[in-house]
Amino acid sequence: MSKDSNELVEARLFLTTVAQHLDLDPKTVQDAMPFLLGMTKNVAHKAIRPAAPLTAFLVGLATAQASDSNTSIDIEVVRAQIAKAETAIEEWNSEQD
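Residues numbered from 1 in each chain as written. Predicted model: local features only at pLDDT ≥ 70, side-chain atom pairs only at ≥ 80, totals over all residues. Heavy atoms only, no water.

A.B. asks: Would you mind showing me how to read the overall build of the protein here?
C.D. replies: Within the protein one finds 4 helices and 0 strands. Counting from the amino terminus, the protein carries its helices and strands in the arrangement α-α-α-α. Projected onto the principal axes, the alpha-carbon positions of the protein cover approximately 45 × 35 × 25 Å. Across the 97 residues that make up the protein, the buried fraction comes to 16%. Within the protein, counting contacts between residues at least 6 apart in sequence, those at least 24 apart form 40% of the total. Entry remark: accessible area of the protein is about 7,200 Å², with carbon and sulfur atoms responsible for 60%. When the 8 basic and 14 acidic side-chain charges of the protein are each reduced to a single mean position, those positions are 11 Å apart. (Helix = DSSP H or I, 4+ residues; strand = E, 2+ residues; numbered from the N terminus. Buried < 20%, exposed > 50% of the residue type's maximum accessible area, 1.4 Å probe, protein only. Contact = heavy atoms within 4.5 Å. Areas by Shrake-Rupley, 256 points an atom, 1.4 Å probe, with all protein chains shown as cover. Lys, Arg positive; Asp, Glu negative; His and termini not counted. Charge placed at Lys NZ, Arg CZ, Asp CG, Glu CD.)

As structure tokens, this is what we get:
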């Protein structure tokens with residue numbers, strides 16, 4: 001297995017962990033992964049690299065808002081979700097050591 005293949009396997013495992021911490025369906029995350037990777041690649045190589053992760057974030061916000069168009073996004077909810085993701089990142093790092 002190539003290094004790129006190993007990294008994709010690890011990315012899928014990591015994203016499954018983060019999805020579980022965020023109370024998201026890991027299957028939905030896995031299904032979206034190729035599309036998000038393609039989009040962030042395009043942003044990084046065709047627009048401006050640092051904007052790639054934030055563009056993915058904006059897509060997530062827009063998706064959430066579109067699913068309930070009567071509700072605006074509460075920044076405190078976003079911060080809480082980021083905190084959950086940070087916890088998942090720390091757990092992931094400790095398991096890799």
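A.B. asks: Quick question: what am I supposed to make of the pattern of salt bridges here?
C.D. replies: Oppositely charged side chains can form a pair if their charged atoms are brought close together. Within this structure, the stated rule accounts for 3 salt bridges. Across the pair Lys27 and Asp31 runs a salt bridge, and its minimum N-O distance is 2.9 Å. With Lys27 and Asp31 both in helix α2 (residues 26-48) and 4 residues apart, this pair spans about one turn of that helix. By relative accessible area, which is 53% here, Lys27 ends up exposed. A salt bridge links Arg79 to Glu76; its shortest N-O distance comes to 3.6 Å. (Salt bridge = Lys/Arg side-chain N within 4 Å of Asp/Glu carboxyl O.)

A.B. asks: What's the story with a negative patch on the surface in this structure? I'm lost.
C.D. replies: A cluster of acidic residues, Glu86, Glu90, Glu91 and Glu95, forms a negative patch at the surface. Structurally, Glu95 can be placed in helix α4 (residues 75-96). Owing to a relative accessible area of 57%, Glu95 belongs among the exposed residues under this scheme. (Patch = residues over 30% accessible without salt bridge, like charges linked within 9 Å, V, L, I, M, F, W, Y side chains within 5 Å.)

A.B. asks: Honestly, the side chain of Thr40 in this entry has me stumped. Any pointers?
C.D. replies: Here Thr40 lies in helix α2. Among the residues examined, Thr40 registers a relative accessible area of 17% and is labelled buried. Look past the residues within four positions of Thr40 in its chain and what remains in contact with it is Ala52 and Ala56.

A.B. asks: What should I look at first to understand the layout of surface pockets in this one?
C.D. replies: Rolled over the atoms, a probe as big as a water molecule pinpoints where empty space is left. For the largest pocket, the calculated volume is near 1,400 Å³. If you go around the largest pocket, you meet 36 residues; those closest to its centre are Leu22, Leu24, Ala56, Phe57 and Gly60. Counting only elements with at least two residues in the lining of the largest pocket, the list comes to α1 (3-21), α2, α3 (51-67) and α4. Taken together, the residues that form the lining of the largest pocket break down as 24 nonpolar, 8 polar and 4 charged. (1 Å grid on protein atoms, 1.4 Å probe; cavity = no way out; pocket = protein on both sides within 12 Å on 5 of 7 lines; lining within 4 Å. Points joined across faces, edges and corners; volume = space filled by probe spheres on them. Nonpolar A, V, L, I, M, F, W, Y, C, P; charged D, E, K, R; others polar.)

A.B. asks: Where do I start with the packing of α1 against α2 in this structure?
C.D. replies: Two quantities define a packed helix pair, namely the angle between the helix axes and the distance between the axes. Interaxial distance between α1 and α2 falls to 9 Å at its minimum, and their mutual angle equals 130°. Regarding the angle of α1 to α2, the classification is oblique. Here the hand of the crossing between α1 and α2 comes out right-handed. For the pair formed by α1 and α2, the contact residues are Leu8, Ala11, Arg12, Leu15, Thr16, Ala19 and Gln20 on the first element and Pro26, Val29, Gln30, Met33 and Leu37 on the second. Its residues assigned to classes, the contact of α1 with α2 shows 8 nonpolar, 3 polar and 1 charged. (Axes fitted to C-alpha atoms, helices over the stretch in contact; angles between N-to-C directions. Parallel < 35°, antiparallel > 145°, perpendicular 65-115°, else oblique. Left-handed = near helix turned anticlockwise from the far one by under 90°.)

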